[in-house]
Amino acid sequence: MGVEIGIIMGSQSDWPTMKAAAEILDDLGIGHETRIVSAHRTPDRLWDYGAGAADRGLKAIVAGAGGAAHLPGMIASKTRVPVIGVPIETRALGGQDSLYSIVQMPRGYPVATMAIGGAANAGLMAAAILATSDTGVAARLEAWRAALSASIPERPGD
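From a predicted model like this one, the values you see are computed outputs, not experimental measurements.

Caption draft 1: The arrangement of the nonpolar core in detail. By size, the foremost hydrophobic cluster in this structure holds 26 residues, and its most contacted members are I5, I7, M18, L28, I30, V62 and V86. Elements with a contribution of two residues or more to this core: β1 (3–9), α1 (15–27), β3 (60–65), β4 (83–87), α5 (119–131) and α6 (135–150). It is α5 that contributes the most residues to this core, seven residues altogether. For L28, the contacting residues outside a window of four places in its chain are L124, A127, R140, L141 and W144. Among the nonpolar cores identified, the runner-up in size contains 18 residues, and A39, A53, A63 and A69 belong to it.

Caption draft 2: Main features of the side chain of E33. Position of E33 relative to the elements: it lies in strand β2 (residues 31–36). Only 2.8 Å separates the side chain of E33 from the side chain of R56, close enough to count as a polar contact. The residues contacting E33, other than those within four sequence positions of it, are V3, I5, G6, I7, Y49, R56 and L58.

Caption draft 3: Representation of unusual backbone geometry. Although it is not a glycine, A69 sits at a positive phi angle of roughly 50 degrees. As for its position among the elements, A69 is in the loop between β3 and α3 (71–78). With relative accessibility at 6%, the residue A69 sits in the buried group.

Caption draft 4: Region of the structure containing the packing of aromatic side chains. Using the criterion set out here, one finds zero aromatic pairs in the structure. Its guanidinium or amino end placed over the ring of Y49, R56 lies 5.0 Å from that ring's centre, counting from NZ or CZ.

Caption draft 5: Expanded view of the pattern of salt bridges. Under the definition given, this model contains three salt bridges. When the shortest N-O distance is used, the salt bridge between E33 and R35 registers 3.7 Å. Overall, the relative accessible area of 9% leaves E33 in the buried class. Look at the salt bridges and you will find they share partners, linking E33, R35 and R56 into a network.

Definitions and cut-offs
- Residues numbered from 1 in each chain as written.
- Predicted model: local features only at pLDDT ≥ 70, side-chain atom pairs only at ≥ 80, totals over all residues.
- Heavy atoms only, no water.
- Core = buried A, V, L, I, M, F, W, Y, C linked by side-chain atoms within 4.5 Å.
- Buried < 20%, exposed > 50% of the residue type's maximum accessible area, 1.4 Å probe, protein only.
- Helix = DSSP H or I, 4+ residues; strand = E, 2+ residues; numbered from the N terminus.
- Contact = heavy atoms within 4.5 Å.
- Polar contact = N/O pair within 3.5 Å; in protein donor to acceptor, adjacent residues only side chain to side chain.
- Phe/Tyr/Trp six-rings, centres within 6.5 Å; stacked < 30°, edge-to-face > 60°.
- Lys NZ or Arg CZ within 6 Å of the ring centre and 35° of its normal.
- Salt bridge = Lys/Arg side-chain N within 4 Å of Asp/Glu carboxyl O.

Rendered as structure tokens:
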């Protein structure tokens, strides 16, 4: 299982949220890596990560950030690899600051933006991107969705 998805976050405190993306990718048997890449505190690391992403074979990057939340957009400016942004919930504004920062990217540098704290859906979006060209991933994603549907009861219980 090679590494096809990058999961990056601005700080260690983002990991409890971003871990959900890694868990989804593990469930689907998709190779991924996790890194702390701060747009403000480690800009050289960000530049190197983004510039080398395509050459290293990444097919998508899930980027989580809170507050000013510049990480997803800055990574998008350094790579042609699709970037999926995850706004991290913040104490001050509940993550709305993160959401607004990530969702309003300038023309030419799109970031597919999930809901606040939506790392699990970001992992599923990354899997769906891979599934367009990998029949094995497509089959596993379809099976995962079928299992989810089967787990929903038809009638409410007491």
